[in-house]
Amino acid sequence: MNDGTKNTVQTTSSEEIEEPPSKLSYKVTDYYYSRFKDHPQINKTFLPDDRGNIVLSCESGDHLGEEKQSPVENLGNDWHWQIKNSITTLEDISKHLVLTDEEKNFFKSKQQFKFRITPYYLDLIKKNPNSPIRKSLIPNNAEFNISNGESIDPLGEDSDTCIPNLIKRYPDRVLYIATDFCSANCRYCCRSRLVGHEKYKDNFPEILEYLNTHSEIRDVIVSGGDPMTLSDKRLDFILSRLYAIPHIQIIRIGTKVPVVLPQRITTNLLNILNKFWDKLFINIHFIHEDEISLDTKNACLKLARLGIPLGSQTVLLKGINDNIESMKKLVQKLLSCKVIPRYLYQMDKIQGGDHFRTSIEKGIEIIKGIQGFTSGMCCPKYVVDSHYGKIPIDIGSVRKKENGVYVLRNYEGKETEYREWFLRQG
Ligand code: SF4
């Protein structure tokens, strides 16, 4: 496995460093080793334990000072318990929240897209029943209103499916649907035609055969459903097989698990991801700052420690995050979790999603209200996803272009000219 670094010290014995003999080989740069070998937490990220594992253990809050809190105590810290005890019925949710008539009415009609929420995320809502995040997972009967142009497959993914569970829309990358299960069902999901339907048929050998014989594919997005809800063994198997294909340079995992099920980021999972870290990227689905609890922050920081770049994807949602202040707080908090805000999506034309949809003007207004007013790293790209892929929305920075002269407008509305070099030559 290549760790992507130069000038590394590679060792498999205790001669070079005073640690118990390891079954695994491991690598660490001179600089990193000399700086952190005595650090009680960081050295766990590169020195093996007495069983030869790179431990990467970090209990909730242990590197963030005394503050330790979890919305769900005891058993709630077990991700299997969280999934087993997820809330899926009107009867169960009514024990926890006082539902509105619109919310109750959802359960009385025939549901296309099932309701599911983890006890952990429900606790976040219970702390503040008026929080905007309630609307993202607690359904209401507005979902039954279908508007013109809406579809159960708004991005035309079915027509871009080259073999079952593999979507190819771009020249050099594919999206692999590894499961149809999510630990919580977002009400605006663009894959609600698949998620939670329990009809998933595994064809991973066929997928591998396709990928092995298509050397133009350099980037695989492992998505779903949520692939992080797969067992450790299954995830390890999938990642190891993808990792072994030489022309696959990038493996991206798309997930909402650190947000709705942060307990899933276990030491064992971190050890698995660590094996593939140099090809891995993780994109996490956040919608609101209220989702960033200490548990979620810790889950992200543990992943970031592996050296895996973290990005976020956010859907612009009416009544949830469709204002500048809310979005700014979200993107600023994401950076503190080592997550780079990558995309702000215009809400897809998913069937029954009109109550979530804003105008594109609203999205432009929000991006303009962030860009320049806070760190550039915080500013996501605003895109409309379509049958033809993601299309970035121009926020009007180029005011005019004439004879090689650009009139550009900055975040404060001030205008300046940029003249292309060849004009000066003439
Ligand atoms: S996590 Fe993603 S795939 Fe799962 S329900 Fe939410 S939007 Fe859909």
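Conventions we followed
Residues numbered from 1 in each chain as written. Predicted model: local features only at pLDDT ≥ 70, side-chain atom pairs only at ≥ 80, totals over all residues. Helix = DSSP H or I, 4+ residues; strand = E, 2+ residues; numbered from the N terminus. Buried ≥ 20, exposed ≤ 12 C-beta atoms within 10 Å, placed from the backbone. Contact = placed C-beta atoms within 7 Å. Arc of directions from axis to C-beta. Pairing = 2+ DSSP bridges. Axes fitted to C-alpha atoms, helices over the stretch in contact; angles between N-to-C directions. Parallel < 35°, antiparallel > 145°, perpendicular 65-115°, else oblique. Left-handed = near helix turned anticlockwise from the far one by under 90°. Nonpolar A, V, L, I, M, F, W, Y, C, P; charged D, E, K, R; others polar.

Asker: Quick question: what am I supposed to make of the overall build of the protein chain here?
Answerer: Each helix and strand in the protein chain was counted, giving 14 helices and 15 strands. Within the protein chain, the fraction of its 426 residues that count as buried is 36%. The contacts of the protein chain with a sequence gap of at least 6 include a subset with a gap of at least 24, amounting to 74%.

Asker: Just checking my understanding: could you explain helix 10 (residues 267–275) for this structure?
Answerer: Along an α-helix, residues three or four apart share an orientation, since each turn contains 3.6 residues. Taken as a whole, helix 10 has its buried residues at Leu 269, Leu 270, Leu 273 and Asn 274. Around the axis of helix 10, the buried residues are gathered within 140° of arc, so they sit on the same side. Taken together, the buried residues of helix 10 touch helix 8 (232–243), strand 8 (280–285) and helix 11 (294–305).

Asker: Sorry, what's going on with the pairing of strand 11 (residues 381–386) here?
Answerer: As a general feature of sheets, a regular strand has side chains that alternate between the two faces. In terms of strand pairing, strand 10 (residues 339–345) meets strand 11 through 3 bridges, oriented parallel. Directly across from Tyr 343, in strand 11, lies its bridge partner Lys 381. Bridge count between strand 11 and strand 12 (residues 389–392): 4 bridges; the pairing is antiparallel. Along strand 12, the bridge assignment pairs Ser 386 with Gly 389. Counted between consecutive antiparallel strands, the loop separating strand 11 from strand 12 contains 2 residues.

Asker: When you look at the packing of helix 12 (residues 324–336) against helix 13 (residues 360–370) in this model, what are you seeing that I'm missing?
Answerer: Each pair of packed helices can be summarised by the angle the axes make with each other and by the distance between the axes. Where helix 12 contacts helix 13, the axes come no closer than 9 Å and their chain directions differ by 55°. On the basis of their axis angle, the class for helix 12 and helix 13 is oblique. Judged by the sense of rotation from one axis to the other, the crossing of helix 12 with helix 13 is right-handed. Mapping the contact onto sequence places Ile 324, Met 327, Lys 328 and Val 331 in helix 12 and Ile 366, Gly 369 and Ile 370 in helix 13. Tallied by class, the residues present in the contact of helix 12 with helix 13 amount to 5 nonpolar, 1 polar and 1 charged.

Asker: What is the right way to look at unusual backbone geometry in this model?
Answerer: If a residue is not glycine, its phi is most likely negative; likewise, a peptide bond is most likely trans. Each neighbour pair has its own omega, and for Gly 224 with Gly 225 the value is 20°, a cis peptide bond. With respect to the helices and strands, the residue Gly 225 is situated in the loop between strand 6 (219–223) and helix 8. Although it is not a glycine, Asn 165 adopts a positive phi angle of roughly 70°. Note on placement: Asn 165 falls in the loop between strand 3 (161–163) and strand 4 (166–170). The phi dihedral of Glu 198 falls on the positive side, at around 55°, and the residue is not glycine. Within the element layout of this structure, Glu 198 appears in the loop between strand 5 (173–177) and helix 7 (204–213).

Asker: Sorry, what's going on with the sheet that holds strand 9 (residues 310–315) here?
Answerer: By definition, the strands of a sheet pair up through backbone hydrogen bonds, in either a parallel or an antiparallel sense. Across the sheet, 10 strands lie side by side as 3-4-5-6-7-8-9-10-11-12; this open sheet has mixed pairing. In the strand order of this sheet, the two ends are held by strand 3 and strand 12, each with one partner. Averaged over neighbouring strand pairs, the angle between their axes works out to 30° when direction is ignored. One ladder, built from 3 bridges, connects strand 4 with strand 5; its direction is antiparallel. The residue of strand 5 that forms the bridge with Tyr 170 is Arg 173.

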